[in-house]
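# Analysis of the macromolecular model
Residue strings, one per chain:
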Amino acid sequence: MRGVGAERHILRIHYHLGDRYDPELYERLIEQLHGISPRAQALPPVDADCDITGALRYFHRDPYALAQVIRVRALALYGVDTTIGSAGNRMLAAMAADATAPGEITHLAPESVTAFLRPRPVGALHGVGPATVGLLTRYGLHTIGAVADTPVGTLQRLLGRAHGRQLHDRAHGRDDRPVTALEPIRSCGADHVFDRDELDPVRHRRAVLALTEQVGVRLRAERQIARRLTLTVRYADRTTTARTRTLPEATNHGVALARTGYDLYGSFGLQRARVRGLALRAEDLQPAELASTQLTFDPADDRARRIESSADRARARFGPAAILPATLAGTG
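As the structure is a prediction and not an experimental result, all values here were calculated from the model. Per chain, the residues get numbers from 1 upward, laid out in the order the sequence is written. Confidence filtering applies because this is a predicted model: local features only for residues at pLDDT of at least 70, side-chain atom pairs given and counted only at 80 or more, and all residues used for totals across whole chains, interfaces and linings. The basis for every side-chain value is the complete set of heavy atoms in the structure, and neither hydrogens nor water enter the calculation.

Moving on to the overall build of the protein. What counts as a helix is a DSSP run of H or I of at least four residues, what counts as a strand is a run of E of at least two, and both are numbered from the N terminus. A count of helices and strands for the protein gives 12 helices and 10 strands. Three exposure classes are used, based on accessible area relative to the maximum for each residue type with a 1.4 Å probe and protein chains only: buried under 20%, partly exposed in between, and exposed over 50%. In the protein, which comprises 332 residues, the proportion classed as buried is 47%. Note on areas: these come from Shrake-Rupley sampling with a 1.4 Å probe, and a residue is covered only by the protein chains present in the view. Total accessible area on the protein is roughly 16,700 Å²; 52% of this is exposed by carbon and sulfur atoms.

With 16 residues, helix α3 (residues 63–78) ought to run about 22 Å at 1.5 Å a step, and its terminal C-alpha atoms sit 22 Å apart, in line with that. Looking only at α3, the buried set comprises Pro 63, Ala 65, Leu 66, Ala 67, Val 69, Ile 70, Ala 74, Leu 75, Ala 76, Leu 77 and Tyr 78. After α3 finishes, the residue Gly 79 shows a positive phi value of roughly 65 degrees. Expected helix span is computed as 1.5 Å times (number of residues minus one).

In this section: the sheet that holds strand β3 (residues 47–51). Note: two strands are recorded as paired if DSSP finds a minimum of 2 bridges between them. Across the sheet, five strands lie side by side as β2-β3-β1-β4-β5; this open sheet has mixed pairing. Bordering the open sheet on either side are β2 (40–43) and β5 (105–107), each of which pairs with just one other strand. Each strand of the sheet is rotated relative to its neighbour by a mean of 15 degrees, with strand direction disregarded. Direction of pairing for strand β1 (residues 10–15) relative to β3: antiparallel, over a ladder of five bridges. Along β3, the bridge assignment pairs Ile 10 with Asp 51. Running at roughly 140 degrees to strand β4 (residues 82–87), helix α4 (residues 90–98) makes contact with β1, β2, β3, β4 and β5 of the sheet. Angular values range over 0 to 180 degrees, each being the angle between N-to-C directions of two axes fitted as lines to C-alpha atoms, with helices fitted over their stretch in contact. Should any heavy atoms of two residues lie within 4.5 Å, those residues are considered in contact.

Between 30 and 60 degrees the pair is tilted, below 30 it is stacked and above 60 it is edge-to-face, where a pair is any two Phe, Tyr or Trp rings, Trp via its six-membered ring, whose centres lie within 6.5 Å. By the definition in use, this model includes one aromatic pair. Ring centres of Tyr 58 and Phe 59 lie 5.0 Å apart, and the angle between their planes is 80 degrees; on these two criteria the pair is classed as edge-to-face. Note that Arg 205 overlies the ring of Tyr 262, its terminal NZ or CZ placed 4.1 Å from the centroid. Comment: the charge-over-ring label is applied if NZ (Lys) or CZ (Arg) is within 6 Å of the ring centre and within 35 degrees of the ring normal.

Direction vectors running N to C along helix α1 (residues 23–34) and α3 enclose 140 degrees, while the axes themselves pass 11 Å from each other. Judged on the interaxial angle alone, α3 and α1 are oblique. Helix-helix and strand crossings are classified by hand; for α1 and α3 the assignment is right-handed. Counting all contacts with α1, which are made through Leu 25, Arg 28, Leu 29, Gln 32 and Leu 33, the residues of α3 involved are Ile 70, Arg 73, Ala 74, Leu 77 and Tyr 78. Across the contact of α1 with α3, the residue classes tally to seven nonpolar, one polar and two charged. Each angle gets one of four labels, with under 35 degrees taken as roughly parallel, over 145 as roughly antiparallel, 65 to 115 as roughly perpendicular, and the rest as oblique. Definitions for this section: a left-handed crossing has its near helix turned counterclockwise from the far helix by less than a right angle. A right-handed crossing has that turn clockwise. Each residue receives one of three labels: charged for Asp, Glu, Lys and Arg, nonpolar for Ala, Val, Leu, Ile, Met, Phe, Trp, Tyr, Cys and Pro, and polar for the others, Gly being one of them.

Turning next to the environment of Arg 8. If you trace the backbone, Arg 8 turns up in the segment before β1. Judged by relative accessible area, Arg 8 falls into the buried class, the value being 7%. For the pair formed by Arg 8 and Pro 178, sequence separation is 170 residues and the distance between their alpha carbons is 9.9 Å. Pairs of N or O atoms are called polar contacts if they sit within 3.5 Å, as long as, within protein, a hydrogen donor faces a hydrogen acceptor (for residues adjacent in sequence, only side-chain-to-side-chain pairs). One polar contact links the side chain of Arg 8 to the main-chain carbonyl oxygen of Asp 175, over a distance of 2.7 Å. Only 3.1 Å separates the side chain of Arg 8 from the backbone oxygen of Arg 177, close enough to count as a polar contact.

Attention shifts here to the pattern of salt bridges. Here a salt bridge means any side-chain nitrogen of Lys or Arg lying within 4 Å of a carboxyl oxygen belonging to Asp or Glu. With the rule as written, the count across this model stands at 21 salt bridges. For Arg 118, the salt bridge goes to Asp 149, with nearest N and O atoms at 2.7 Å. In this pair, Arg 118 sits in the loop between α5 (113–117) and α6 (130–138) while Asp 149 sits in the loop between α7 (144–148) and α8 (152–159), placing the two residues 31 residues apart along the sequence. Arg 228 serves as the salt-bridge partner of Glu 283, at 3.7 Å between the closest nitrogen and oxygen. Separated by 55 residues along the polypeptide, Glu 283 in strand β9 (residues 275–283) and Arg 228 in strand β7 (residues 224–235) bring together distant segments of the chain. Overall, the relative accessible area of 30% leaves Arg 228 in the partly exposed class.

This is the structure:
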């Protein structure tokens with residue numbers, strides 16, 4: 001059984017959607033989490049859990065810093081503020097988020113768990129409902145610390161074997177539940193936030209290319225093809241504009257995705273617009289086995305696909321940044 005010192009790092013993200021909530025926006029925010037870690041679980045209508053254990057090494061950040069990345073991206077691209085709790089398991093992360101001021105981040109380190117839990121009311125434990133609280137308080141167990149100090153056998157006599165054991169574990173900060181993506185992915189995407197409000201269309205187009213590259217790599221890795229692309233532009237004043245285009249044929253081919261991405265960018269007519277960030281989504285996904293490629297008799301296209309296949313094999317072995325288009329070399 002995992003203890004409070006186990007090497008897991010979980011985030012509970014609460015999105016402040018308010019009366020702006022709509023399923024499509026929420027889906028985009030969840031998809032944004034998949035760009036950080038594939039272990040992201042939607043908890044509609046406004047929460048999500050994300051296991052960032054494997055992402056910490058990839059992004060070279062600690063849990064608090066990676067939570068900041070998630071918060072900044074949601075705010076910059078969609079204008080949605082977040083409250084985030086970070087801890088070693090799902091229960092502790094959720095409790096940390098509940099104890100956090102709106103728009104802030106709380107990281108609960110393993111050595112702080114006992115001091116965090118013990119003074120809190122027993123009803124603050126996730127999974128403890130009003131009936132259980134009433135029963136425990138009748139026996140003088142008003143705080144989590146009091147429950148933690150009670151022998152597990154006593155709790156099992158009060159609550160039953162399974163529930164008593166679970167309550168004992170949770171009062172000591174233990175929770176083994178994994179973070180699981182419960183719903184099949186219907187779209188995949190990537191986002192880019194500029195270091196500053198960006199006026200340069202060359203940098204805009206370079207970011208579009210990077211996004212189509214990321215989306216293409218992920219589609220091919222998951223053996224999916226997309227029928228539509230949606231590009232969202234977020235401006236300095238936090239307003240957004242989105243355009244969607246249907247691809248000539250469902251594909252995961254990088255050249256085709258980049259061509260459509262550039263067409264979408266050109267349709268905005270941005271000229272001197274100050275852009276805060278860009279987000280690209282591949283939509284209406286289908287299994288790659290259903291792809292039907294038109295014959296072009298173009299040797300350059302065949303060569304591009306062979307190079308793409310070789311690059312994907314290199315990325316699978318050495319990491320996603322092992323191979324980049326020359327245009328993106330040296331960019332962050």
